[in-house]
Amino acid sequence: MELVDIVMIGAGLASTSLALALVNNGWRGQIVMLEASDCFNTHKTWCFWDTGALPDYLRPLCVRHWNHWQVSTPTEQHIALSQNTPYCCIRAEDFFSFAEACFSRSDIDVRFNSQATCIEGGLSGNTAFGARVSACGGQIHARYGVDSSIDVCEPDNSGLFQSFYGAWVLSEKNVFNADVVGLMEEMTVIDGDLQFIYRLPLSSSLSLIEVTRFGITPVNPGQLRRYLDLYLGSQFTEGLWTIQSLEEGILPMQVSERSATRSHWLKAGIAAGHLRASTGYGFLPVQRWSQMAASALRHGKRPSSASPIVWRYQLMDRLFLSVLRKDMSIAPDLFQNLARRCHADPFARFMTEAASFTDLLRIIYAIPQKKQFLKALFQCLV
């Protein structure tokens, strides 16, 4: 039997962010992180609009900032300028390398190939060590447990799924516009789903190009490879580009209901609703939650699993998802008009839960399908 301060199930973004927040706020306790795979998943890229909420110790990890981003349909294009809220990118390989360096100087033990087989209460009669995990033939008892595991393919009748498959493409020629991010390019509806291209150029010769689907049911990312191959074949001359690495995944786009948690166990990340339901952006919400949880632990208080995304954004996300579930055909026009009618900075603040009341009014004004949203609002309220 092993006694530690915190045991974490999973070594993904949420658990690692909490561990980093603790280390960078003076935590001196012992943490054990149990990860079922044999290494950190570095085939990810996290992006966000910088509204000042990013912890200072993570700022050096931003590999690029953009002030221009665009959305488009096959017939229309709009380029926005975010003067005060640049779009930023952190690659998972840099994030986890930084975390490993921090953990090596702290009492944090990351154990790979460690599958947690039982998650329950801790030592009988001991209120201090209230979390227990069975893993690799042994038991770990901790003051607190953090569980970030989730089955993203569970059915849901109120949200959508975001499925994506992308490649980091290196071109022999300077073919990418490195100053503009393609947030939602070539939006179209396929088989009842919204599909678009996400383009993240780190330079004129290196870019992430990703096929993304919003739909009621998840799409195996491998099925999206055909569309990525077609897109790459239409954009580049064969033999003049190579794929450096691939990224794929499925994200649940749904507003998580607040659920009861056991006194010594916390949910974290997607499992706790720390993901913006209408967009799939989660890096900044996870960082905000990590800072709050770390502060509580440092002061001897019980941290909360509650999402840092406040009710007004959750309500608007519910409305977006409800409207799109009923009629996905309006999605290209909805997102195109929202980007065109709303100034880029208020839009960015809305996307990062930093909007003022005036910003929210601008977002509502920019929505073209107001009748559908009012009907969805009425249904949410009753």
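Refer to the structure above for everything that follows.
Residues numbered from 1 in each chain as written. Predicted model: local features only at pLDDT ≥ 70, side-chain atom pairs only at ≥ 80, totals over all residues. Heavy atoms only, no water.

Colleague: Before we go on, may I ask you to explain the overall build of the protein in this structure?
Modeller: The helix and strand inventory of the protein stands at 9 helices and 17 strands. Seen through its principal axes, the protein has C-alpha atoms that stretch 65 × 55 × 35 Å. Split into buried and exposed, the 382 residues of the protein put 55% on the buried side. Put simply, 74% of the contacts in the protein that link residues at least 6 apart link residues at least 24 apart. (Helix = DSSP H or I, 4+ residues; strand = E, 2+ residues; numbered from the N terminus. Buried < 20%, exposed > 50% of the residue type's maximum accessible area, 1.4 Å probe, protein only. Contact = heavy atoms within 4.5 Å.)

Colleague: What is the right way to read the nonpolar core from this model?
Modeller: Buried together is how nonpolar side chains tend to be arranged in soluble globular proteins. With 51 residues, the main nonpolar core has Trp-49, Trp-69, Tyr-87, Leu-183, Met-184, Leu-194 and Leu-200 as its most contacted residues. Non-local contacts of Trp-69, meaning those with residues more than four positions away in its chain, are made with Trp-49, His-78, Ile-79, Ala-80, Ser-82, Val-180, Val-181, Leu-183, Ala-339, Ala-344 and Phe-347. With 43 residues, the next largest nonpolar core counts Phe-40, Phe-48, Ile-108 and Tyr-144 among its residues. (Core = buried A, V, L, I, M, F, W, Y, C linked by side-chain atoms within 4.5 Å.)

Colleague: Looking at this structure, I do not really get the sheet that holds strand 3 (residues 45-49). What am I missing?
Modeller: Sheet strands pair by backbone hydrogen bonding; their relative direction is either parallel or antiparallel. Read from one edge of the open sheet, 3 strands run 3-7-4, paired in antiparallel fashion. Each edge of the open sheet is held by one strand with a lone partner, namely strand 3 and strand 4 (64-66). Across the sheet, the mean angle separating the axes of adjacent strands is 20° when strand polarity is ignored. (Pairing = 2+ DSSP bridges. Axes fitted to C-alpha atoms, helices over the stretch in contact; angles between N-to-C directions.)

Colleague: Can you help me understand the side chain of Asp-345 in this one?
Modeller: Among the structural elements, Asp-345 can be located in helix 7 (residues 344-351). Despite its burial, Asp-345 remains without a salt bridge, the nearest opposite charge being carried by Arg-349 at 5.2 Å. Within polar-contact distance, the side chain of Asp-345 engages the backbone nitrogen of Asn-84 at 3.3 Å. A polar contact of 2.7 Å, which involves the side chain of Asp-345, links it to the side chain of Thr-85. In contact with Asp-345, other than residues within four places in its own chain, are Ser-82, Gln-83, Asn-84 and Thr-85. (Lys, Arg positive; Asp, Glu negative; His and termini not counted. Salt bridge = Lys/Arg side-chain N within 4 Å of Asp/Glu carboxyl O. Polar contact = N/O pair within 3.5 Å; in protein donor to acceptor, adjacent residues only side chain to side chain.)

Colleague: Explain the sheet that holds strand 12 (residues 160-171) here, please?
Modeller: Read across the sheet, 7 strands follow the order 6-5-13-14-15-12-16 without closing on themselves; strand pairing throughout is mixed. Two strands lie at the open edges of the sheet, namely strand 6 (77-81) and strand 16 (241-253), each paired on one side alone. If you compare each strand with its neighbour and ignore which way they point, the axes differ by 15° on average. The pairing of strand 13 (residues 180-190) with strand 14 (residues 193-201) spans 5 bridges and is antiparallel. Residue pairing for strand 14: Val-189 is matched across the bridge by Leu-194.

Colleague: Just to check I follow, could you spell out the pattern of salt bridges for this structure?
Modeller: Under the criterion given, the structure shown has 17 salt bridges. One salt bridge connects Asp-5 with Arg-143, and the closest N-O pair in it is separated by 3.0 Å. Placement of Asp-5 in strand 1 (residues 2-9) and of Arg-143 in strand 11 (residues 138-147) is noted, with a sequence separation of 138 residues between them. Through salt bridges with shared partners, a single ionic network connects Arg-276, Arg-288, Asp-317 and Glu-353.

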